[in-house]
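# What the coordinates show
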Amino acid sequence: MAKYLLLKHYRGAPDPVNNVPMDQWTPEEVTAHIKYMNDFAARLEATGEFVDAQALAPEGTWVSYDGEGRPPATDGPFAETKDLVAGWMVIDVDSYERAVELAGELSAAPGAGGKPIHEWLELRPFLTAAPTVTE
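The following paragraphs examine the structure supplied in this document. (Residues numbered from 1 in each chain as written. Predicted model: local features only at pLDDT ≥ 70, side-chain atom pairs only at ≥ 80, totals over all residues. Heavy atoms only, no water.)

### So, helix 2 (residues 96–106)
- If you check which residues of helix 2 are buried, you get Ala99, Leu102, Ala103 and Leu106. Taken end-on, helix 2 shows its buried residues confined to a sector of 100 degrees, consistent with a single buried face.
- On its buried face, helix 2 is in contact with strand 1 (2–11), helix 1 (27–47), strand 5 (84–93) and strand 6 (122–125). (Buried < 20%, exposed > 50% of the residue type's maximum accessible area, 1.4 Å probe, protein only. Helix = DSSP H or I, 4+ residues; strand = E, 2+ residues; numbered from the N terminus. Arc of directions from axis to C-beta. Contact = heavy atoms within 4.5 Å.)

Next comes the structure, spelled out in structure tokens:
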């Protein structure tokens, strides 16, 4: 089995087909979207392919070490030009092809008007070992 991270973006990915921001959806559309996500996760949990999922608030701050004895440097809240992760799901599947299949299905979550979002999801494999450095 191989673990993959499915990253959902508030922005930074190509625009989806049904490109209506969630803050413009009706409460029923939000509920339907969350139900789809929960049902999807429950189905993967039953097959042993679900590992974890979390949603993230749009607020956040970049933090970096700023030198010995100095407080961390911050940049935030996030600027409009920065990529912003909305949440993630971790899956554990038998193949890359299965990961792509599930990402495509998750991309069909309903949005405005109950129509599939067709959102772009970033599919990233977990490293299974530290990369080796060759000279």
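After presenting the structure, the write-up continues.
### Let's talk about the pattern of salt bridges
- This structure, assessed with the given rule, holds 7 salt bridges.
- One salt bridge connects Glu105 with Arg43, and the closest N-O pair in it is separated by 2.7 Å. Remark: Arg43 occurs in helix 1 and Glu105 occurs in helix 2; sequence separation between them is 62 residues.
- For Glu105, a relative accessible area of 26% gives the class partly exposed.
- For Arg43, a relative accessible area of 37% corresponds to the partly exposed category. (Salt bridge = Lys/Arg side-chain N within 4 Å of Asp/Glu carboxyl O.)

### A closer look at the packing of helix 1 against helix 2
- Packing of helix 1 against helix 2 brings their axes to within 11 Å, and their N-to-C directions diverge by 155 degrees. As summarised for this structure, helix 1 and helix 2 are arranged roughly antiparallel, according to the angle between their axes. Crossing of helix 1 over helix 2 shows right-handed handedness. Contacts from Tyr36, Met37, Phe40, Arg43 and Leu44 of helix 1 reach helix 2 at Arg98, Leu102, Glu105 and Leu106.
- Residues belonging to the contact of helix 1 with helix 2 are distributed by class as follows: 6 nonpolar, no polar and 3 charged. (Axes fitted to C-alpha atoms, helices over the stretch in contact; angles between N-to-C directions. Parallel < 35°, antiparallel > 145°, perpendicular 65-115°, else oblique. Left-handed = near helix turned anticlockwise from the far one by under 90°. Nonpolar A, V, L, I, M, F, W, Y, C, P; charged D, E, K, R; others polar.)

### Section: the layout of surface pockets
- Quantified by volume, the largest pocket comes out at close to 1,000 Å³.
- Forming the walls of the largest pocket are 38 residues, and the residues nearest its centre are Lys8, His9, Tyr10, Met22 and Ala86.
- Taken together, the elements giving at least two residues each to the lining of the largest pocket come down to strand 1, helix 1, strand 2 (50–55) and strand 5.
- For the lining of the largest pocket, the per-class residue count stands at 24 nonpolar, 8 polar and 6 charged. (1 Å grid on protein atoms, 1.4 Å probe; cavity = no way out; pocket = protein on both sides within 12 Å on 5 of 7 lines; lining within 4 Å. Points joined across faces, edges and corners; volume = space filled by probe spheres on them.)

### Overview of the environment of Pro58
- Among the secondary structure elements, Pro58 is positioned in the loop between strand 2 and strand 3 (62–64).
- Put simply, Pro58 and Ala86 are 28 residues apart on the chain and 6.7 Å apart in space, counted from C-alpha to C-alpha.

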